[in-house]
Amino acid sequence: RILNYQNIWKRGELLSSPSDVILESGGGGGEDTSLRELESEIAEQAASLQWLAVFELMLKARDTSKQPSAATKNRALYAYAKTGKWELALVLATNMQERGEADHETYGCSLAACDVGGQWERALDIFNNVQQMSLRPTALIYCGAIRSYDMLGKRQKALELYSQMGALSLRK
């Protein structure tokens, strides 16, 4: 299968969401990869921060109606977060939330992706959503929110969160 890049990327910017991407038939056969093999490959590529390979594998999974586990999707989110691909992270996290698969790691990676991508307001939206859902934010979530407040020039709010994080024994 061949990924139609013209419909997705232009100068490194996302033109359409991963859910809108169309895969075209190409040569080659024998693409009956088992879900376990596909998840293993996603995990391996995510660990080495190969976000484009992860993206292509996630599209392959969707195209073949294979649904990776939430843990595998979180690994993809990790790769997107570490490389600042916040758009991809938010699309995947939204999909996971709609399916009831989102957990602390999902929100933490989404927030981190926005933080690394310079989308500090979006990162704080995620932090506020976590709090509204009555989930206890993890250290990763707090750190992303603290940095976002700091980058937005809201140092006092960042310090308040830092104190709150310490009161919850999340700081080491």
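Residues numbered from 1 in each chain as written. Predicted model: local features only at pLDDT ≥ 70, side-chain atom pairs only at ≥ 80, totals over all residues. Heavy atoms only, no water.

**Student:** Let's hear about the side chain of Thr72: which residues, and what values?
**Tutor:** Here Thr72 shows up in helix H3 (residues 70-82). For Thr72, a relative accessible area of 2% translates into the label buried. (Helix = DSSP H or I, 4+ residues; strand = E, 2+ residues; numbered from the N terminus. Buried < 20%, exposed > 50% of the residue type's maximum accessible area, 1.4 Å probe, protein only.)

**Student:** With reference to specific residues and values, describe helix H7 (residues 139-151).
**Tutor:** Note that an α-helix has 3.6 residues per turn; residues three or four places apart therefore point the same way. With 13 residues, H7 extends 18 Å between its outermost C-alpha atoms, agreeing within 8% with the 18 Å of an ideal straight helix rising 1.5 Å per residue. Every buried residue of H7 is accounted for by Ile141, Tyr142, Gly144, Ala145, Ile146, Ser148 and Tyr149. For H7, the secondary structure elements touched by its buried residues are helix H5 (104-116), helix H6 (120-132) and helix H8 (155-167). Looking one or two residues beyond H7, the residue adopting positive phi is Gly153, at roughly 80°. (Expected span 1.5 Å × (residues − 1). Contact = heavy atoms within 4.5 Å.)

**Student:** Go over unusual backbone geometry, please, and point to the residues and values.
**Tutor:** Despite not being glycine, Leu49 shows a phi value in the positive range, around 60°. Tracing the backbone shows Leu49 in the loop between helix H1 (35-47) and helix H2 (51-63). Classification of Leu49 by relative accessible area gives partly exposed; the value is 31%. Of note, Ser134 is a non-glycine position whose phi angle comes to about 60°, a positive value. Structurally, Ser134 can be placed in the loop between H6 and H7. Overall, Ser134 belongs to the exposed group, its relative accessible area being 65%.

Geometric descriptors of this kind do not, in isolation, establish any biological role.
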